Amino acid sequence: MSATVILSPRMSGIKPSPASVLRRRARELRAAGRDIIELSSGNLDFPTPEHVIAAAHQAALRGETRYTDVDGTPELKQAVQAALRRDHRLDYRLDEIVVTSGSTQALFNALLATLAPGDEVIIPAPYWAPYLDQVRLAGGTPVVVPCAQNNGFKLRAEDLQATISPRTRWVVVNNPVNPSGALYSREDLSEIAAVLLRHPDIWVLADGLYEHIAFSGAPAPTLAAVEPRLKPRTLTVSGPAKSYAMMGWRIGYAAGPSALIREMITIQSQTTSGASSISQAAAVAALDGAQDVLAERAVILRARRDRFAELVNGCAGLSCTPPEGTFYLLVGCAGVIGRRAPDGKVIETDRDFSAYLLEEADVVVFPGEDLGLSPYIRVSFANPPAAIEEAGRRLKRACEALQ
Ligand SMILES: Cc1ncc(COP(=O)(O)O)c(C=O)c1O
C-alpha cells in the first residue's frame, strides 16, 4: 500500500521537463538493446585530466576524507581567487568566495538567500532551464526576456531596460550562453552594464560556467570585470565542470560581496555542509595546474562544431549557425514542423520532433520548448567524431523520411 505524498505549494509549477521525459525513454530503449546516441546531455566526452584524478587519489590516501570548512578548503578558495585574477583580473578576498556542490548550488543558494515572494529575476531566453525553477523554488518570479536570433540570441540593452520593473532583484547574464553558444563581447556587456548602472537595486548573476569553451581564444568576459562599478552587486559564478570535464565531481564556486556570500554559507551549513573533500582537492589541481588542456580541447571542439554544423545544415528542414562558445548547436527546425512522419503523425512542435528523432532515429536531442525557444532543438558536439558522423546520418535520414 502506498501513501499519498502531500506536496508543498512550493512544488506547484515545478514539473519534470520534456527533456527528462525523453531521457527516461532513451534509457528504456537502451535497456531494450537499442543503440541510442546521446546528444542532449551537458556532459563532455573528454576525460578529467590525469593530474586532477591523481590529486584526488592522493588526497584520499592522505586521509582528506572528513568534512571540510563549509565554505570550502582554504586551498581551493585560494585557487579560485588566483583563477579569477588570472582569467579576469578580478580581485576577491577569501571571505568573498564560497565553494559549492556544483555551480547549480551556488546559483540556488544566492536566490534562496535573497528572494521574497513577488521578487522578479530577469532571465534572457533561450536559457538554461533550471534558472526558472530555482527562482520559483526560492519564492520568486522568473521574467523571461526573448533574445532575437538576428542579434545572435544576445540580450539587447533596450529589451533589458523594458523588462525591468520595481520588483526586479536579479538579472542573469550567462556568458557564453547555454544553449545558443552566444558569446557576449566586452562591448556587449558594457551596453548591459550601462542599463544596470541606472538601476542601483538590481543585482547580477554572472554565470560563466562555459567561460573557457569560447572559440575566440580567450576566456569569455564577465560583467564584474568589464564594469567594476557593478562588482559590489554582482555574483560571479563558475566551476570546473565544463572547462576541465569535471561534471560529476560536483564543484562550483561563487565570488561576490561578503554580506551575500556569508548568507550563502549559512544556507550551505544547514543543507549540504559543503562540497566533497576529495573533489575539492581535485579542483585545486585543475585550477592551479597547467592550463594547456583548455586551448587543446577548444581546438578539438571547434573542429567538431564545424563538422556537426555542416552535417545538420545538410538535413532537410534544419538549420544552424556555428556558435562562438559552449558545445551546443541550437538548431532551427521550423522546416520540419507540419510535416508527417511515416507512421502518419504530424510533427507539430519541437517536442514532437525530438520524440520522433528518439523513436525513429535513435538520437536524443534537447527540445527547445525546454530552453525558452521554439521551434528549435539543442544538440551537443561534445561527442567523439564517429558518433557525430553517425548522428548526422541518422538526422538526415529521419528528416528525409518526413513528408
Ligand atoms: C549555464 C549553466 N549554468 C550552470 C550549470 C550548472 O553546472 P554545475 O552544477 O555542474 O557546475 C550548467 C550545467 O549544465 C549550465 O549549463
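Read on for a plain summary of the structure. (Residues numbered from 1 in each chain as written. Predicted model: local features only at pLDDT ≥ 70, side-chain atom pairs only at ≥ 80, totals over all residues. Heavy atoms only, no water.)

In this section: the pairing of strand β6 (residues 203–207). A large share of β6 lies buried, amounting to four of its five residues. In this structure, strand β5 (residues 168–174) lies alongside β6, joined through five bridges in parallel fashion. What sits directly across from W170, in β6, is W203. Since β5 and β6 lie parallel, the crossover through helix α7 (residues 186–197) that links them has a hand, and here it is right-handed. Here β6 pairs with strand β7 (residues 234–238) via four bridges, running parallel. Of the residues in β7, the one forming a bridge with V204 is T234. (Buried < 20%, exposed > 50% of the residue type's maximum accessible area, 1.4 Å probe, protein only. Helix = DSSP H or I, 4+ residues; strand = E, 2+ residues; numbered from the N terminus. Pairing = 2+ DSSP bridges. Right-handed = clockwise from strand over helix to strand, strands pointing away.)

Right, let's talk about the sheet that holds β5 for a bit. Pairing is mixed across the open sheet formed by seven strands, whose spatial order is β2-β8-β7-β6-β5-β3-β4. Strands with a single pairing partner mark the edges of an open sheet, and in this sheet they are β2 (97–100) and β4 (141–146). Ignoring strand direction, the axes of neighbouring strands in this sheet form an average angle of 20°. As defined by bridge partners, β2 adjoins strand β8 (residues 252–255) across four bridges and the pair is classed as antiparallel. The partner of V98 across the bridge, within β8, is A254. Contacting β2, β3 (120–125), β5, β6, β7 and β8, helix α4 (residues 103–114) runs over the sheet at an angle of about 155° to β7. This element, helix α5 (residues 130–137), spans β3, β4, β5 and β6 of the sheet and lies at about 150° to β4. (Axes fitted to C-alpha atoms, helices over the stretch in contact; angles between N-to-C directions. Contact = heavy atoms within 4.5 Å.)

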